[in-house]
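Breakdown of the fold
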Amino acid sequence: MFNDAVQFVENYPLLVAAIKIVIVFLVLSGVVAYMVLAERKVLAFMQARLGPMRVGPWGLFQPAADGLKLLLKEDIIPAGADKFVFLIAPVISVVAAFTVFAVIPYGPSSALIITDLNVGLLFVVAVSSLGIYGIILGGWASNSHYPLLGSLRSAAQLVSYEIPAGMAIVGVLLVSNSLSLVKIVEAQQSSGLWNFFLQPLGFLIFLIAAVAETNRNPFDLPEAESELTAGFHTEYSGFRFALYFMAEYTSMVLVSALAVVLFWGGWLRPFASVAALDFLNYLPPVSLLMIAGVVFFFARRNPVPAEKWFLVAVAAGSAVLAGVVAVPVVITAVQPIFWFTAKVFALLYAFIWYRATFPRYRYDQLMNVGWRWLIPLALGNLIATACVLWWAGPNPGRLKLFFAMLAANLAVAIVVALLVGWRSPTAAAVEKQTGS
Amino acid sequence: MLAQSVFLILAVVALSSGVMVITRRNPVHSVIWLIVTLFSVGGIFLLQYAQFLFAVQIILYVGGIMVLYLFVIMLIRVETVAKQAPYSRQWAIGLGAVLVLACELMYGVYKGVESFHLGTPSRPPVDMNNTEAVAGVLYNNYMLPVEIASLLLLVAMVGAVLMAKKRFE
Amino acid sequence: MGNLWNQFFQRPDYLAIAPEIVLTLFGLGILMIDFMLERRDKFLNAVTALLGLGFAAVKLLMWMFQSQTPSYSGFDGRFSLDTFAIFLKLVIVLATAIVVLISVKYLEVEQVHLGEYYALLLLSAVGMMFLASGTDLIVLFIALELMALCEYVLTGFLRGNRRSNEAAMKFFLLGAFSSGLLLYGMSLLYGFSGSTRLADIQAALAQRPRGDALVWVAMITLLAGLFFKIAAVPFHQWTPDAYEGAPTSITAFISVAPKVGSFAIFLRLLLVGLKPFDGQWQLLVIGVAIATMTLGNLAALSQTNIKRFFGYSTISHVGYLLLGVIAAADGNRDGLLAVLIYLFVYAFMNLGAFAVIILMRRKDIIGDELDDLSGLMARAPGMALLMLVYLLSLAGIPPTAGFIGKYFIFLSLIETGHYYLAVLGVAYAVVALYYYFRIVVAMFMKRAPDQVPLESSWGLTVALVVTLAVTVAIGVYPEPLIRLAQTAAVPLF
């Protein structure tokens, strides 16, 4: 039977790829839908509220209800809008966000990789830079003031933050010596050191730029409610609005997945080379069991009988799944997928966390952060990385490289801080106004 | 055979969208068609196994330059532009120049191999890292032009800042 | 990694571009230092620029007077350090230094004393120097663009001034267009040879029939692009406007240094790359040279704005330079020699004349009309006499340097049998004498329009002294320059 499957894969590579694409698409849609719910819930908990509670137990069916509502809503095209552009703009956004997932490796085996481009990293940068068209064109085609302002802001913002993000990625490239995402993870595996430990500054820059590029708090100026109602998608409604919504959350998942692949070792288990930590391999079934326990605990307290039985069923399902996963063959098979997903979810949680924590930047602050801090930092990081790699020579020791990189990163941070902060225009303006 | 038909499709799309670029009255539509053109040219690069060129084409032209085009166009009043005559008065001269260039190109193609020195088309294996090959040529054989080009870009930046600065202090 | 380092960075290659590296570093340094300077200390930028130019000049002079003639081909055969390149680079560096000297006062009066000005001057000089020694189409083209881009920005440097903006815009648009033409011609050359190196192109062209239509197309587009850059008729239209609108110190700069750089690429492309077709392109150059001399000289007759006037005067000088190229096309080394001498001499006499014109720019007085020079003799006899010397030299009257330049041009024309061109050149020299003397008449016989005193500065004084010394010394004792130019002409033949 196994041979048959291999035969099938060899005979129909396109069909297999198509099946993989459909699976990724479906899973991703589910993740995105529940990401919305998770955001609402987490925000609510952080603000001592309950969040959605009506549809299903703890609002678990809320995404389905929202989706249905948006699908049934009227699709309004404003008078004076550029109809064609107005219609395709959200589609561009979604397509650009989803396409990149074709090159993300979810695991080491070829079954978990849709395609391994040897210019994968460039492909990622290229396609994700297309998403901006959805925003600009949508804002412009609406023929309305708020959307136009929102899209102008977002164009400036995305172009500004693409530069530091790109340069942070080049740092990874230098360290891993490849443009293929699979090879980048493999390089982290063979060196035994995730890129985060070699490029802490690069990761920080990438993270900040990623938040800015996804238009998330604290960089959500293109859709700042208090200034621009809803920004570039003010005039959108119904299904097309849902597309924009999906694109935003998909790109969040995307940048998280990218950060994981580039900096957090992709599908690798933390400390994969340390034998003493091998018990971590049992985390997948254990975590499933924990989920089962928590769900069962809450199911007992649920007053609605139907919901109660549903939750019990979920808990039982999880427990059974944990049992399946605990089978030795399965447990090795699910390792990569589990760790990849866990890391991505951790970063996604961070996205929500920022939203609850940070106030929105003012526009000049946004530009200041991008141009006066991130770009010099990213440039310095690039130069320092190249110098350290040149100094260390081929096949340097792991610790030597780590400490050299750490020192270089610190040096860059300090030098740039001194140079940029030395006489920043804001300080000068304050001096001028106060006369001191 | 497959490659040839893909090339033909891409070429037709590139050319026809190029025509659309100059015939649209609305500059935003022109930009959209230009993006289509750039994409199809990128596809032709890909067909030649030049993945790096493809990626750079998309990143720089589609993802960077065209966004700035749109940015500028959105700041002008599209309605007034759309009302103006689409071609300047020199269109006849332009057409003449285009015809001359086209004739010349056809002549060159007609003369074919004997008129141009065509290097043997190299087919790197698909798994060969195209990017490395490009970097090797760029930083070995063409090191000097690359370095001068970096100065050129610096000057362009200094000049742009100088022209755009609000006032001298 | 060490291996990789050696693979990319070959020491001799970088020693060969040492002057360019020095100038680049000083240019970048000025951009940085400028931030820390108070307004009254801005002249320190000029001092920095002069230091850089001085280092570059010293290195070039060391090469020039070495016992054996240096000849080095580096960067994969795309860069050549030969006597031809060194000679032209020296002219470029000296001309740029003089422009820096005459700029300090002028920029203060115009209230645009910015470090970027000097940085762009230096980087423009770097572009020209690479033009002088590039032996590869890509190097040549990028260097040409580097030079041109700096010029566009510098032309529009007076941002508050409408005419300066307009001049920069015209210059930029036409320049970009001409670059396109040039690039088109270059692409055809690459098509013929499959290589961007001039030596390979020469070899490939040698195997083609003389009447090849495609080569003609390549030649015409290439030459059209180059004629734009050197401001030869019928591609000269940008010149008077750009000259008039640009800051006067930049007018002085673009009338001299870029001409040297452009003639460097012109000579290299024609005498090396297109060598097999020299009979063909000579015809084109003859036609353009006649048109250029005619239009330049005749149009200069009726100008009232002194910067426009010098624009047309420059065009006519380009015509004379092209005459030398025509002679060189016949394989006459004196033709090339004449071009080199003329470029050297022209740089100094023209910059000297501009130094006097810059002197006329005072607070609230623009001073670029012909009438502003009126009565200069009564007010500042020294300056008037200096101007007289420069004008005589520009007209080609012995015993000034200008005469030596024209003498070799005519000599090479007669040697190659282009008698009618020599006669034409002499006839136009008479016309030139007439219009240059319009300035002399104004200076010596008219009454001054204002009584605001002229103020010289240390920079202007030095520039005037140097240019005067060179103009007179070469006129009286041209021997050393001729010998230098003779060695410089060797590599192209």
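The numbering scheme is per chain: residues are counted from 1 as the chain's sequence reads. To read the labels, note that chains go from A and ligands from 1, taken in the order they are written. For this predicted model, a pLDDT threshold of at least 70 governs which residues receive local features, and a threshold of 80 or more governs which side-chain atom pairs are given and counted, while totals over whole chains, interfaces and linings are taken from all residues.

1. Describing the overall build of chain B
Across its full length, chain B holds seven helices and zero strands. Restricting to contacts in chain B with at least 6 residues of sequence separation, those with at least 24 account for 54%. Secondary structure follows DSSP: runs of H or I at least 4 residues long count as helices, runs of E at least 2 residues long count as strands, and numbering of each begins at the N terminus. Each residue is represented by a C-beta atom placed from its backbone, and any two residues with such atoms within 7 Å are regarded as in contact.

2. Comments concerning the overall build of chain C
Assigned secondary structure in chain C consists of 21 helices and two strands. For this measure, only C-alpha atoms enter the radius of gyration; the expected value for a globule follows 2.2 Å times N^0.38, where N is the number of residues. In terms of C-alpha radius of gyration, chain C reaches 22 Å, essentially the compact-globule figure of 23 Å for 493 residues. Along the three orthogonal principal directions, the C-alpha set of chain C runs to about 70 × 60 × 45 Å. Per-residue burial for chain C yields a buried fraction of 61% across its 493 residues. For every residue, the other C-beta atoms within 10 Å of its own C-beta are counted; 20 or more classify it as buried, 12 or fewer as exposed, and values in between as partly exposed. C-beta atoms are placed from the backbone.

3. A look at the interface of chain B and chain C
Often, the extent of an interface is quoted as the loss of accessible area upon association of its parts. At the interface, 25 residues of chain B touch 35 residues of chain C. Where the side of chain B that touches chain C is concerned, the elements lending two or more residues are α5 (91–111), α6 (130–140) and α7 (143–164) of chain B. The greatest single-element share of the side of chain B that touches chain C, amounting to 13 residues, is contributed by α7 of chain B. For this classification, the nonpolar set comprises Ala, Val, Leu, Ile, Met, Phe, Trp, Tyr, Cys and Pro, the charged set comprises Asp, Glu, Lys and Arg, and every other residue, Gly included, is treated as polar. Its residues assigned to classes, the side of chain B that touches chain C shows 17 nonpolar, seven polar and one charged.

4. Brief notes about the packing of helix α5 (residues 83–110) of chain C against helix α15 (residues 333–359) of chain C
Residue and element names in this part refer to chain C. Note on geometry: axes are lines fitted to C-alpha atoms, helical ones only across the stretch in contact, with angles between N-to-C directions running from 0 to 180 degrees. Packing of α5 against α15 brings their axes to within 10 Å, and their N-to-C directions diverge by 0°. Considering the angle they form, α5 stands roughly parallel to α15. Each of Phe-87, Val-91, Ala-95, Ile-98, Val-99, Ile-102 and Tyr-106 in α5 lies in contact with α15, whose residues at this interface are Leu-340, Leu-343, Phe-344, Ala-347, Leu-351, Phe-354, Ala-355 and Ile-358. Split into classes, the residues belonging to the contact of α5 with α15 amount to 15 nonpolar, no polar and no charged. We call two directions roughly parallel when the angle between them is under 35 degrees, roughly antiparallel when it is over 145, roughly perpendicular when it lies between 65 and 115, and oblique otherwise.

5. Describing helix α6 (residues 115–133) of chain C
In this model, α6 of chain C (19 residues) spans 28 Å end to end at C-alpha, consistent with the 27 Å of a helix rising 1.5 Å per residue. Within α6 of chain C, 19 of the 19 residues are buried, leaving the element largely enclosed by the surrounding structure. For a helix, the expected span equals 1.5 Å multiplied by the residue count minus one.

6. Considering unusual backbone geometry
Cis geometry is adopted by the peptide bond preceding Pro-234 of chain C, which originates at Val-233 of chain C and carries an omega value of 5°. Looking at the secondary structure, you find Pro-234 of chain C in the loop between α10 (213–230) and α11 (238–245). In this chain, Pro-398 of chain C is followed by Pro-399 of chain C through a cis amide linkage whose omega measures 5°. One can find Pro-399 of chain C in the loop between α17 (381–395) and α18 (401–415). Look at Asn-215 of chain A: it is not a glycine, yet its phi comes out positive at around 60°. Locating Asn-215 of chain A in the fold gives a position in the loop between α10 (200–213) and α11 (225–228). For Asn-215 of chain A, a count of 23 C-beta atoms within 10 Å gives the class buried.

7. Concerning the interface of chain B and chain A
Tallying the contact residues gives 15 residues for chain B and 17 residues for chain A. For the side of chain B that touches chain A, the element with the highest residue contribution is helix α3 (residues 51–75) of chain B, accounting for eleven residues. Split by residue class, the side of chain B that touches chain A holds ten nonpolar, four polar and one charged.

8. Looking at the nonpolar core
Residues Leu-146 and Val-260 of chain C are the most contacted members of the largest nonpolar core, which totals 210 residues. For this core, the element with the highest residue contribution is α15 of chain C, accounting for 22 residues. When sequence neighbours within four positions are dropped, the list of residues in contact with Val-260 of chain C reads Leu-88, Val-91, Ile-92, Ala-95, Met-128, Leu-343 and Ala-347 of chain C. If you look at the next biggest cluster of nonpolar residues, it comprises 122 residues, including Leu-122, Phe-351 and Ala-384 of chain A together with Val-31 of chain B. Note on terminology: a nonpolar core is a set of buried residues of type Ala, Val, Leu, Ile, Met, Phe, Trp, Tyr or Cys, with members joined through C-beta atoms within 7 Å.

9. Things to note about the packing of α15 of chain C against α18 of chain C
Residue and element names in this part refer to chain C. Interaxial distance between α15 and α18 falls to 8 Å at its minimum, and their mutual angle equals 160°. Overall, the two elements α15 and α18 adopt an arrangement that is roughly antiparallel. For the pair α15 and α18, the sense of crossing is left-handed. For the pair α15 and α18, the contacting residues are Asp-334, Gly-335, Leu-337, Ala-338, Ile-341, Tyr-342, Val-345, Tyr-346, Phe-348 and Met-349 in the first and Ala-401, Gly-402, Ile-404, Gly-405, Phe-408, Ile-409, Leu-411, Ser-412 and Glu-415 in the second. For the contact of α15 with α18, the per-class residue count stands at 13 nonpolar, four polar and two charged. Here is the rule for handedness: rotate from the far helix to the near one, and if that takes an anticlockwise turn smaller than a right angle the crossing is left-handed, while a clockwise turn gives right-handed.

10. Side note on the environment of Arg-362 of chain C
All names here are of chain C. By the element assignment, Arg-362 lies in the loop between α15 and α16 (376–379). C-beta crowding within 10 Å serves as the criterion here: with 16 such atoms nearby, Arg-362 is assigned to the partly exposed category. Residues Arg-362 and Val-452, spaced 90 residues apart in sequence, show a C-alpha to C-alpha distance of 8.1 Å. Ignoring sequence-local partners within four residues, the contact set of Arg-362 consists of Val-109, Gly-367, Val-452 and Glu-455.

11. A few points about the confidence of the model for chain C
Each residue gets a pLDDT score, which is the predictor's confidence in that residue and runs from 0 to 100. Chain-level pLDDT for chain C is 88 on average; 97% of the residues reach the 70-or-more range. Of the two predicted TM-score estimates for the complex, the pTM is 0.87 and the ipTM is 0.88.

12. A short note on helix α14 (residues 305–325) of chain A
Residues and elements named next belong to chain A. Over its 21 residues, α14 runs 30 Å from end to end, which matches the ideal 30 Å to within 8%, given 1.5 Å per residue. Residues Leu-311, Ala-315 and Ser-318 constitute the buried set of α14. For α14, the buried positions fall inside an angular range of 60° around the axis, keeping them on one side. Pointing more than 90 degrees away from the buried face of α14 are the exposed residues Pro-305, Ala-306, Trp-309, Ala-313, Val-320 and Val-324. At its buried positions, α14 is contacted by α13 (283–301). It is the directions from the helix axis to the C-beta atoms that the arc portrays.

13. Quick look at the environment of Lys-229 of chain C
All names here are of chain C. Tracing the chain through its elements places Lys-229 in helix α10. With 29 residues separating them along the chain, Lys-229 and Pro-258 place their C-alpha atoms 8.2 Å apart. Not counting the four nearest positions on each side in its chain, Lys-229 is found in contact with Leu-144, Ser-178 and Ser-262.

14. Structural notes on the environment of Val-22 of chain A
Looking at the secondary structure, you find Val-22 of chain A in helix α2 (residues 13–46). For the pair Val-22 of chain A and Leu-347 of chain A, spaced 325 residues apart in sequence, the C-alpha separation works out to 24 Å.

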